Amino acid sequence: MERRCEKGIGLTSQAVGSVTRVRYRERQVLRAADLQAEQDYLITARRRHNIGHHGWGIVTGLRIATQAAGLVVEPGMAVDGYGRELIVDTPIKLPNNVFDALRSDSLDVWLFYDLTEFSVTHPGRSACGPQQFTRRRELSRLRLSP
């Protein structure tokens, strides 16, 4: 059986989008930029997986429940439309007057992603000046609307 080679236009991944990954070697001096690139790659890969293979929405938990203290959002996890994890690790109590405050008898409860920067202090070292944070914390914020 004879195989025929079809002619066409080949596009490399560079032409339609690419993903950059750090390539390490023995005795390489690592810079902060190398470690940041590695973190960026891993975070992006995880988010691509979350949204590409699973879709957005509630993964587990996040039920609104009635407890002795009132209404609470129970712990759980969701993925937003960008593949970012929204994690609630402790129950979130809704204000007792939330329905009156929003002048509604029904509420939409939203979780949204927030990123805050902060620094961890180390003895003998200090991060001074703007943009000198040493950590980023991913948070899930709750928003209530009528």
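You'll find the structure just up there.
Residues numbered from 1 in each chain as written. Predicted model: local features only at pLDDT ≥ 70, side-chain atom pairs only at ≥ 80, totals over all residues. Heavy atoms only, no water.

Taken together, the side chains of Y24, L30 and L35 make up a nonpolar region of the molecular surface, amounting to roughly 280 Å² of accessible area. Within the secondary structure layout, Y24 lies in the loop between α1 (13-16) and α2 (32-54). (Patch = residues over 30% accessible without salt bridge, like charges linked within 9 Å, V, L, I, M, F, W, Y side chains within 5 Å. Areas by Shrake-Rupley, 256 points an atom, 1.4 Å probe, with all protein chains shown as cover. Salt bridge = Lys/Arg side-chain N within 4 Å of Asp/Glu carboxyl O. Helix = DSSP H or I, 4+ residues; strand = E, 2+ residues; numbered from the N terminus.)

Here we come to the packing of aromatic side chains. In the structure shown here, the tally under the stated rule is zero aromatic pairs. Positioned over the ring face of F112 is R143, at 4.3 Å from the centre of the ring. (Phe/Tyr/Trp six-rings, centres within 6.5 Å; stacked < 30°, edge-to-face > 60°. Lys NZ or Arg CZ within 6 Å of the ring centre and 35° of its normal.)

Once that is clear, we can look at the layout of surface pockets. Within this model, the largest pocket holds a volume of roughly 450 Å³. If you trace the largest pocket, you find 15 residues lining it, with Q36, Q39, E117, R135 and R136 closest to the centre. The biggest single contributor to the lining of the largest pocket is α2, with six residues. Considering only residue class, the lining of the largest pocket consists of four nonpolar, five polar and six charged. Each pocket or cavity is described by its volume, and for the second largest pocket that value is around 320 Å³. Forming the boundary of the second largest pocket are 14 residues, of which I58, A78, V109, W110 and L111 lie nearest the centre. At the level of secondary structure, the elements contributing two or more residues to the lining of the second largest pocket comprise β1 (57-61), β4 (76-79) and β7 (108-118). Of all the elements, β7 adds the most residues to the lining of the second largest pocket, at three residues. (1 Å grid on protein atoms, 1.4 Å probe; cavity = no way out; pocket = protein on both sides within 12 Å on 5 of 7 lines; lining within 4 Å. Points joined across faces, edges and corners; volume = space filled by probe spheres on them. Nonpolar A, V, L, I, M, F, W, Y, C, P; charged D, E, K, R; others polar.)

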